[in-house]
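Architecture and fold: a report
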Amino acid sequence: MSKGTTHSATRAEALNGRKWWVVDATDLTVGRAASRIASILKGKHKPAYTPSLDTGDFVVVVNAGKARFTGKKEEDKTFFTHTMHPGGAKHTPMNKLREKHPEQIIENAVRRMLPRTALGRQMLTKLKVYAGDTHPHAAQKPEALNLAQ
């Protein structure tokens, strides 16, 4: 390469260097963990990061139901959805979401930190979130990623 140029990863380079990581979300703060996971899904931790390509790795999150919030968010935070019909606004409190779908807590936080484009939706497919401590991705040999620093 000549001096002053920037290397952009090719699609083959992006697909070749993918790794699998496993994160235990027990007692992790949701926002801090989600920002680090989103960065890994984008590929920003790699020297060959290219904004227009999906150069990121796969992330498996276990114990998503044991992640925590700071302050009074556990009681006060609600998730908003709309049915796109008049009067179709729905506010789901955090405690109901934790009871029914604890994996959606991490999924929502990470999804909202990724680009709102087709590329962001493609990156989100590499996120695997499980409420319990088991996952079916042992064959991929994921490495433990410690986010509690």
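Reference entry: report on the structure contained in this document. Model, not experiment: these values are computed from the prediction. (Residues numbered from 1 in each chain as written. Predicted model: local features only at pLDDT ≥ 70, side-chain atom pairs only at ≥ 80, totals over all residues. Heavy atoms only, no water.)

In this section: the pattern of salt bridges. All told, the structure shown has 6 salt bridges when counted by the stated rule. With a shortest N-O distance of 3.4 Å, Asp54 and Arg18 are connected by a salt bridge. Remark: Arg18 occurs in the loop between helix H1 (11–16) and strand E1 (20–24) and Asp54 occurs in the loop between helix H2 (30–42) and strand E2 (58–62); sequence separation between them is 36 residues. The buried category is assigned to Asp54, whose relative accessible area is 6%. Among the ionic pairs, Glu74 bridges to Arg98, the shortest N-O distance being 2.9 Å. Of this pair, Glu74 sits in helix H3 (residues 73–76) while Arg98 sits in helix H4 (residues 94–100), and the two are 24 residues apart along the sequence. For Arg98, a relative accessible area of 19% gives the class buried. Members of the salt-bridge network, linked through shared partners, are Arg18, Asp54 and Lys126. (Salt bridge = Lys/Arg side-chain N within 4 Å of Asp/Glu carboxyl O. Helix = DSSP H or I, 4+ residues; strand = E, 2+ residues; numbered from the N terminus. Buried < 20%, exposed > 50% of the residue type's maximum accessible area, 1.4 Å probe, protein only.)

Aromatic ring pairs: the centre-centre distance and the angle between the two ring planes describe each pair. The final tally for this structure, using the stated rule, is 1 aromatic pair. Seen in terms of ring centroids, Trp20 and Phe58 are 4.3 Å apart; in terms of plane orientation they differ by 5 degrees. Their pairing is stacked. Here the residue Trp20 occupies a position in strand E1, and Phe58 occupies one in strand E2, the gap between them amounting to 38 residues. Lying over the aromatic face of Phe79, Lys77 brings its terminal NZ or CZ to 5.4 Å of the ring centre. (Phe/Tyr/Trp six-rings, centres within 6.5 Å; stacked < 30°, edge-to-face > 60°. Lys NZ or Arg CZ within 6 Å of the ring centre and 35° of its normal.)

The first and last C-alpha atoms of H2 sit 18 Å apart over 13 residues, in line with the 18 Å expected at 1.5 Å per residue. Turning to H2, its buried residues number three or more, namely Val30, Ala33, Ala34, Ile37, Ala38, Ser39, Ile40, Leu41 and Lys42. The elements touched by buried residues of H2 are E1, E2, helix H5 (103–111), helix H6 (118–124) and strand E5 (127–129). Looking at the residues trailing H2, positive phi occurs at Gly43, about 95 degrees. (Expected span 1.5 Å × (residues − 1). Contact = heavy atoms within 4.5 Å.)

On the secondary structure map, His137 appears in the loop between E5 and strand E6 (143–144). Owing to a relative accessible area of 12%, His137 belongs among the buried residues under this scheme. Polar contacts involving the side chain of His137 include one to the side chain of Tyr130, which spans 2.6 Å. (Polar contact = N/O pair within 3.5 Å; in protein donor to acceptor, adjacent residues only side chain to side chain.)

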